[in-house]
Amino acid sequence: MPPKKTTPPTSNLSRRTFIKNAGMTAAAFTILPRFVLGGKGYRPPSDTLYVAGIGAGGKGESDIANFARSGKAEIAYLCDVDDRRAAKSVASFPKAKYYKDFRIMLDKEHKHIDAVSVSTPDHNHAIQALAAMELKKHVYVQKPLTHDIYEARMLTEAARKYKVVTQMGNQGSSGNDVRQLMEWYNAGLLGDVHTVYCWTNRPVWPQGIEWPAQKSSVPKELDWNLWLGTAPAKDYVEKLVPFNWRGWWDYGTGALGDMGCHIIEPPFRVLGLQYPTDVTASVGSIYVDEFKRGYFPESCPPSSYIVLTFPGRNGKPPVKLHWMDGGIQPERPEELGPNERMGDGGNGALFIGTKGKMMCGTYGMYPSLIPTSRNQEVNIPQTIKRVPGGAEGHYAQWVEACLAGYGKMEVSSPFEIAGPLTETVLMGNLAIRSHDIRYPKKDNPNQFDYPGRNIKLLWDGANMKITNFDDANQFVKREYRTGW
């Protein structure tokens, strides 16, 4: 049976309408004392976080379930553009009211919502999160925080402006393992780290391909217009929803966007990195004929290699961070045994310092000093407080912080941290996309120059601008589709 739907109100769904209505929140329902409502095991509304989930299938489904598992969150509203994807969450939370359009949900229900979880394709994260924040709702947003650099900066500033509790869905930031890495580094075991390698075996979806020529019928359960959201209007094609959108620039952020916030987060946190100062990129190619390289600028490349430079902080030297995807890995450290696994196998991060090396896998898991024999020899006391439940406690940590109120409790990945991390990830994508900027040659219009290749892009982080190749700045901020 398809999920129950609500009838859209006849009122205008403009941004102005549902933001203006936020002023009515002061008239919200009165909380009755426990002794009035009573009952064994009763949890009063004041101890309950009422959550609305935008994106109820896939990762959204597991996010919502984890909030409920905290014991202090009630999933009060569900929103998804695809009834098929939402079906399991709707069955799991039968009391939750179901919507297809997040704008209608916020317009009608904002007085009864405390917090909003956003787990949708990357291109709609920012508008959904900001709409909730402007209504003074706490927000949890899946990684990457946004699709564009500009959007990440705006959400970071909005968190401070609206004083709401924020958390990005890179759960490894709450893990014990990344804190172990921090303690080793803080104890001086590595000396000054000057080089970091990060790698992933993704993409695990098609990339470096041409947009399908044949359009298909839109499934009756899917509202295609709502799914497109901020993206350009296009006909529906098979196998884009629910997963393969990640390989298309209009919607996703490629392998770097998908995994960077998990794999780059440990070095970002351990070394206290901020905005990079420059970036270089090279990408894998698809050849469609002899000596004929395919040109598919709408699609992310099959592999890429990025180098970002970060300025030294607190007397430390600059840091070079190398990113590799598509299964490419860095050279194995000589100190690592021939049969010892590097990272977690398919993914990982390697720290190289003046006195030593260490590595980890995705989310910072499997932290290890190199050579691995050092793990038995070194005993560094625990100095950094752990999150209850580790990485799995990431969800409950946000719930507790929301109930406590803005500024009362620490969270692992607030937008003040997640925003700059996301900007760093998206800087890599800016460099990748600059590779496909081309202009016809003056002497032969059938041949092209690619001015964004084989150069170093210089980044002014404060002003969000590439200073030596202006064409690249088109990837800092995109234009939304009319009406969004």
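Since the structure is predicted, the reported quantities are computational estimates derived from the model, not experimental observations. (Residues numbered from 1 in each chain as written. Predicted model: local features only at pLDDT ≥ 70, side-chain atom pairs only at ≥ 80, totals over all residues. Heavy atoms only, no water.)

## Regarding helix 3 (residues 59–69)
Of the residues making up helix 3, those classed as buried are Gly60, Asp63, Ile64, Asn66 and Phe67. One face of helix 3 carries all of its buried residues, which in axial projection span an arc of 160°. Looking at the buried residues of helix 3, the elements they touch are strand 1 (49–54), strand 2 (73–79), helix 4 (83–92), strand 4 (115–118), strand 5 (138–141) and helix 13 (394–404). Once helix 3 ends, the next one or two residues include glycine 71, with phi positive near 85°. (Buried < 20%, exposed > 50% of the residue type's maximum accessible area, 1.4 Å probe, protein only. Helix = DSSP H or I, 4+ residues; strand = E, 2+ residues; numbered from the N terminus. Arc of directions from axis to C-beta. Contact = heavy atoms within 4.5 Å.)

## What to know about the sheet that holds strand 12 (residues 319–324)
The strand order across the open sheet formed by nine strands is 15-14-13-7-12-11-8-18-19, and the pairing between neighbours is mixed. On the outer flanks of this sheet lie strand 15 (368–370) and strand 19 (465–466), each paired with one strand and no other. Both strand 18 (residues 457–460) and strand 19 contribute to a ladder of two bridges, which runs antiparallel. The partner of tryptophan 459 across the bridge, within strand 19, is isoleucine 466. Packed on one face of the sheet, helix 10 (residues 254–263) meets strand 7 (193–199), strand 11 (304–310), strand 12 and strand 13 (348–353) and runs near 130° to strand 12. (Pairing = 2+ DSSP bridges. Axes fitted to C-alpha atoms, helices over the stretch in contact; angles between N-to-C directions.)

## Some points on the side chain of arginine 179
Assignment of secondary structure puts arginine 179 in helix 8 (residues 176–186). One buried charged side chain, arginine 179, makes no salt bridge at all; its nearest oppositely charged neighbour is glutamate 410, positioned 5.6 Å away. Once residues lying within four places of it in the same chain are set aside, the contact partners of arginine 179 are Ser173, Ser174, Ile384, Lys385, Arg386, Val387 and Ser412. (Lys, Arg positive; Asp, Glu negative; His and termini not counted. Salt bridge = Lys/Arg side-chain N within 4 Å of Asp/Glu carboxyl O.)

## Observations concerning the pattern of salt bridges
Under the definition given, this model contains 21 salt bridges. Two residues, lysine 143 and aspartate 258, come together in a salt bridge whose shortest N-O distance is 3.0 Å. Pair noted here: lysine 143 is in the loop between strand 5 and helix 7 (149–162) and aspartate 258 is in helix 10, with a separation of 115 residues, a long-range link. Take lysine 143: its relative accessible area is 15%, and that puts it in the buried class. Owing to a relative accessible area of 7%, aspartate 258 belongs among the buried residues under this scheme.

## Some details on helix 5 (residues 102–109)
Of all the eight residues making up helix 5, seven are buried; the element is thus mostly covered by neighbouring parts of the structure. Those residues of helix 5 that sit buried are Phe102, Arg103, Ile104, Met105, Leu106, Asp107 and Glu109.

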